[in-house]
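Observations on the model geometry
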Amino acid sequence: MAGKLYGIGVGPGDPELMTIKAVKILKECDVIAVPGKVPEETVAYRIAVQVCPEIEKKRLIGIYMPMTKDKTMLEESHEAGVRMLREQLDAGKKTAFMTLGDPTVYSTYLYLHNQIRSAGYEAEIISGVPSFCAAAAKLHMSIGEKDEQIHVIPASYQMEEALDLPGTKILMKAGKKLPAVKKLLQDRNAEAVMVENCGMENERIYYETNQIPEDAGYYTLLFVKEGGEA
């Protein structure tokens, strides 16, 4: 009998934000997969092991998921990841794939999940706390009130039109594009609050657009409120 795959969201960084269900499933699984070449060095592993030390004794699999827009490279990495997961499932192993935040929000895991299901295997998604929810809580800020719209935008793509949208704009994964994002905001006299590495030891918060640095890590997001107030 084939094993089952679980896509587990470990939250944004604070291990205490992992759900009870996520920890329960991790304890039950035979194999733990993470996005990265060396499992123990991945952010997801370092978060989860703090509240679920049992995973240290389980079989760990690193699935390399390159940060690229090259379609050929992405397809090759997805196919390799699916093969590795299928090997475990065919052996009857309950397998967990850990990912930051929630698996349904800009997560590369979904590509693997959909291909595994299409191949006839059983798979389940375990929700995690999204980074923008944790960041808003850290800032004591409401993301949306009454009829206010909320827009989640990948900052690595074109944003000019997106910034014209009403309501709250959440710019995700802005690290590499930060200089361009900052200039665009300054040109529009738009105020933003930036949170880098929310819930992690190296967390940084900048409350004004002019304070935003020129460089930041991959796990960076910004809130831009309608009317120039963040």
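My aim in this report is to walk through the structure given alongside it, one point at a time. (Residues numbered from 1 in each chain as written. Predicted model: local features only at pLDDT ≥ 70, side-chain atom pairs only at ≥ 80, totals over all residues. Heavy atoms only, no water.)

1. Things to note about the environment of D90
By the secondary structure assignment, D90 is in helix α3 (residues 71–90). On the accessibility criterion, D90 (51% relative accessible area) is exposed. A C-alpha to C-alpha distance of 43 Å links D90 and K169, two positions 79 residues apart in sequence. A polar contact of 2.6 Å, which involves the side chain of D90, links it to the side chain of Y121. (Helix = DSSP H or I, 4+ residues; strand = E, 2+ residues; numbered from the N terminus. Buried < 20%, exposed > 50% of the residue type's maximum accessible area, 1.4 Å probe, protein only. Polar contact = N/O pair within 3.5 Å; in protein donor to acceptor, adjacent residues only side chain to side chain.)

2. Some thoughts on the side chain of K182
For K182, the location among the structural elements is in helix α6 (residues 178–187). Of the polar contacts made by the side chain of K182, one reaches the backbone oxygen of I212; its length is 2.6 Å.

3. Some thoughts on the nonpolar core
Ranked by size, the top nonpolar core spans 24 residues in total, and within it I8, V10, M18, L26, I55 and M98 carry the most contacts. Contributing elements (two or more residues each) for this core: β1 (4–9), α1 (20–28), β2 (31–35), α2 (43–48) and β4 (95–99). If you tally residues by element for this core, the top one is α2, at five residues. Non-local contacts of I8, meaning those with residues more than four positions away in its chain, are made with A22, I25, L26, A96, F97, M98, T99, P103 and I126. Counting 18 residues, the second-largest nonpolar core is a separate cluster that includes A162, L171, M194 and I212. (Core = buried A, V, L, I, M, F, W, Y, C linked by side-chain atoms within 4.5 Å. Contact = heavy atoms within 4.5 Å.)

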